[in-house]
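Analysis of the macromolecular model
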Amino acid sequence: MSIVEIRNLSYSYPGLNKPALINIDLTIEKGDFIILTGPSGCGKTTLCRCLNGLIPHFYNGDLTGDVIVTGLSVKDNPTSKIAQHVGFVFQNPENQLFALSVEKDIAFGLENLAVPRTEIRKQVDHALDLLGITNLRDNAPYELSGGQKQRVAIACILAMHPELMILDEPTSFLDPVAAKNLFEIIYALNKELGLTIILVEHRLDLLCTYANRVIIMDEGKVKADGIPRDILSSKEVLSLGIGIPKITKLYLELKASGIHLGDPPISVNEIAQEIRTLMLND
Ligand SMILES: Nc1ncnc2c1ncn2[C@@H]1O[C@H](COP(=O)(O)OP(=O)(O)O)[C@@H](O)[C@H]1O
Ligand SMILES: [Mg+2]
């Protein structure tokens, strides 16, 4: 069942002649884990803004086409309604945390929906547990590391029980270890809760084993869309100059020199296994 339907979407920011999005058609299924990537300025954040209703409700400009998210037309529904179904995690968690403690930040959204106290406590405990941050419940946001803050931001979203979670470059301020930890948590939420994920990211090296689909944009258009194994080694993607994973590069280099390793790998383990098999067969 689809959770996002985008039909012939084009959008230009006010006063700009060049459209930020051009004729986008996209269907996203419930339970998908999607990496959305592409060169800087290609329209990823703009597309996310169309999915949570910031466009057209907070950004004017020229929007044509249809965006239906969790069955709601974003044009016809206020962002407050869309936010009950679509959680949004920003690049910088500082933008999302403002209460005096982690617990209060997570409870905030539920309090606004007038959820009863006992239920709030239950939901907060559950979100803390899912993110592995129960020990931080009384800490103030300023006492946390970047990775911890980003987990709290995700816990705030999860407590609202979204059907779709969009994360726009959530690891920009994290080192590679913290980024990998965060990806593993997001993956667990996708697998265990069936939460649909759209993750805008450049760190494809760390990510391709988690996602079932990668969408690559360039100059406001979708340029490639499919399973990571096929897409990342395709000619059109290589020509875009995005950060292709090193294992994909190694595979293609070997292929160009006449060494065929079967299907393109998406993990170090896979390519190691292929090389072992090749050596044993020699
Ligand atoms: N608030 C804005 N006002 C005007 N132009 C914008 C705004 N945000 C983004 N743009 C422009 O829209 C295009 C797409 O930007 P963006 O969606 O932020 O790309 P990405 O997230 O892929 O880096 C760029 O040309 C950018 O300059
Ligand atoms: Mg962006």
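Along each chain, residue indices are assigned from 1 in the same order as the chain's sequence is written. Here every chain gets a letter starting at A, and every ligand a number starting at 1, in the order they are written. Thresholds applied to this predicted model are a pLDDT of at least 70 for local features of residues and 80 or more for the giving and counting of side-chain atom pairs; totals over whole chains, interfaces and linings are not thresholded and use all residues. Only hydrogens and water are set aside; all other atoms, that is, all heavy atoms of the structure, feed into the side-chain values.

**Points about the side chain of Glu201**
Keep this limit in mind: Runs of H or I in DSSP of at least four residues are treated as helices and runs of E of at least two as strands, each being numbered from the N terminus. Partly exposed describes any residue whose relative accessible area lies between the buried limit of under 20% and the exposed limit of over 50%, with all areas from a 1.4 Å probe on protein chains only and scaled to the type maximum. Positive: Lys, Arg. Negative: Asp, Glu. His and the chain ends are not part of the count. The salt bridge criterion pairs a side-chain nitrogen of Lys or Arg with a carboxyl oxygen of Asp or Glu, the two atoms within 4 Å. Throughout, a contact is declared for two residues whenever any of their heavy atoms are within 4.5 Å.
Topologically, Glu201 is positioned in the loop between strand E8 (196-200) and helix H8 (204-207). Although Glu201 is buried, it forms no salt bridge, and the closest oppositely charged side chain is Arg203 at an N-O distance of 4.4 Å. Ignoring anything within four residues of it in the chain, the contact list for Glu201 reads Ile35, Leu36, Thr37, Glu169, Pro170, Thr171, Phe183 and Leu207.

**Here we look at the pairing of strand E1 (residues 2-12)**
For clarity, the threshold we go by: Strand pairing follows a simple DSSP-based rule, namely that at least 2 bridges must link the two strands.
Pairing between E1 and strand E2 (residues 21-29): six bridges, direction antiparallel. Residue pairing across strands places Leu9 opposite Ile24, the latter belonging to E2. The pairing of E1 with strand E4 (residues 62-69) spans seven bridges and is classified as antiparallel. Each bridged residue has a counterpart across the sheet, and for Arg7 the counterpart in E4 is Asp66.

**A word on the sheet that holds strand E7 (residues 164-168)**
Spelled out, the test is: Under this scheme, a helix contributes an axis fitted over its contacting stretch, all axes are lines through C-alpha atoms, and angles between N-to-C directions fall in the 0 to 180 degree range.
Within the open sheet, the six strands sit side by side as E6-E7-E8-E3-E9-E10. Their pairing is mixed. Either end of the sheet is taken by a strand with one partner, and the two such strands are strand E6 (86-89) and strand E10 (221-226). Between one strand axis and the next, the sheet turns by 15 degrees as a mean value, whatever way the strands run. Relative to E8, E7 runs parallel, the two sharing five bridges. Within the sheet, the bridge partner assigned to Leu164 lies in E8 and is Thr196. In the packing of helix H7 (residues 176-193) onto the sheet, the strands contacted are strand E3 (33-37), E7 and E8, and the crossing angle to E8 comes to about 155 degrees.

**Description of the domain arrangement of the protein chain**
For clarity, the cut-off: Domain start and end points were adopted from an automatic or database domain assignment. When two parts are put together, the accessible area they lose, computed with a 1.4 Å probe and summed over both, is reported as buried area.
Parsing the protein chain into structural domains produces domain 1 (2-231) and domain 2 (245-282). Placing a centre on the C-alpha atoms of domain 1 and another on those of domain 2 gives a separation of 34 Å. With six residues of domain 1 at the interface, the matching set in domain 2 holds eight residues. Between domain 1 and domain 2, roughly 660 Å² of surface is buried when both sides are summed, and carbon and sulfur atoms account for 60% of that area. Counting the surface domain 1 buries against domain 2, the share from its top three residues, Asp205, Cys208 and Arg229, is 77%. The interface formed by domain 1 and domain 2 includes two salt bridges. For the salt bridge of Asp205 with Lys246, the shortest nitrogen-to-oxygen distance reads 3.5 Å.

**Some points on the site of ligand 1**
Keep this limit in mind: Whether a residue is near a molecule or strand depends on its heavy atoms: if one lies within 4 Å, it is near. Under this definition, polar contacts are N or O atom pairs within 3.5 Å; protein pairs additionally need one hydrogen-donor-capable and one acceptor-capable atom, and for neighbouring residues in sequence, both atoms have to be side-chain atoms. The method behind every accessible area is Shrake-Rupley, applied with a 1.4 Å probe, and residues are considered shielded solely by the protein chains displayed. Nonpolar residues are Ala, Val, Leu, Ile, Met, Phe, Trp, Tyr, Cys and Pro. Charged residues are Asp, Glu, Lys and Arg, and all others, Gly as well, are polar.
Contacts to ligand 1 come from 13 residues, most closely from Gly41, Gly43, Lys44, Thr45 and Thr46. Here Thr45 contributes a side-chain N or O atom positioned 2.8 Å from an oxygen atom of ligand 1. For ligand 1, the accessible surface in isolation is 560 Å², of which the surrounding protein chains cover 63%. When grouped by side-chain class, the residues that make up the shell around ligand 1 number six nonpolar, five polar and two charged.

**Notes on the nonpolar core**
Under the convention used in this document: By convention a nonpolar core is built from buried Ala, Val, Leu, Ile, Met, Phe, Trp, Tyr and Cys residues, the set being connected through side-chain atoms within 4.5 Å.
Grouped together as the largest cluster of nonpolar side chains are 51 residues, with contacts concentrated most on Ile106, Ile154, Met165, Ile186 and Ile216. Not counting residues up to four positions away in its chain, the partners in contact with Ile216 are Thr37, Gly38, Lys221, Val222, Lys223, Ala224, Ile231, Leu232, Val237, Leu240 and Ile242. In terms of nonpolar packing, the next biggest core, distinct from the first, is built from 33 residues, Ile34, Leu47, Val67 and Phe88 among them.

**A word on the packing of aromatic side chains**
Here is the rule: Aromatic contacts are taken between Phe, Tyr and Trp rings whose centres are within 6.5 Å, Trp giving its six-membered ring; a plane angle under 30 degrees counts as stacked, one over 60 as edge-to-face, and the others as tilted.
What the rule picks out here adds up to six aromatic pairs. Look at Tyr13 and Tyr59: their rings are 5.9 Å apart centre to centre, the planes differ by 80 degrees, and that puts the pair in the edge-to-face class. On the criterion of sequence distance, the pair formed by Tyr13 in the loop between E1 and E2 and Tyr59 in the loop between helix H2 (54-57) and E4 is long-range, its members being 46 residues apart. One aromatic cluster is present, built from ring pairs that chain together Tyr11, Tyr13 and Tyr59.

**What about the packing of helix H4 (residues 102-112) against helix H5 (residues 117-130)?**
What counts, and what does not: Should an angle fall under 35 degrees it is called roughly parallel, over 145 degrees roughly antiparallel, and 65 to 115 degrees roughly perpendicular, with every other angle called oblique. Crossings are assigned a handedness: left-handed for a near helix turned anticlockwise from the far helix by less than a right angle, right-handed for a clockwise turn.
Following both chains from N to C, one finds H4 and H5 inclined at 125 degrees, their axes separated by 9 Å at the closest point. Here H5 runs oblique to H4, going by the angle between their axes. Along this stretch, H4 crosses H5, giving a crossing that reads as right-handed. Judged by residue contacts, Val102, Glu103, Ile106, Ala107, Leu110 and Glu111 of H4 engage Arg117, Ile120, Arg121, Gln123, Val124, Ala127 and Leu128 from H5. In the contact of H4 with H5, the residues fall into eight nonpolar, one polar and four charged.

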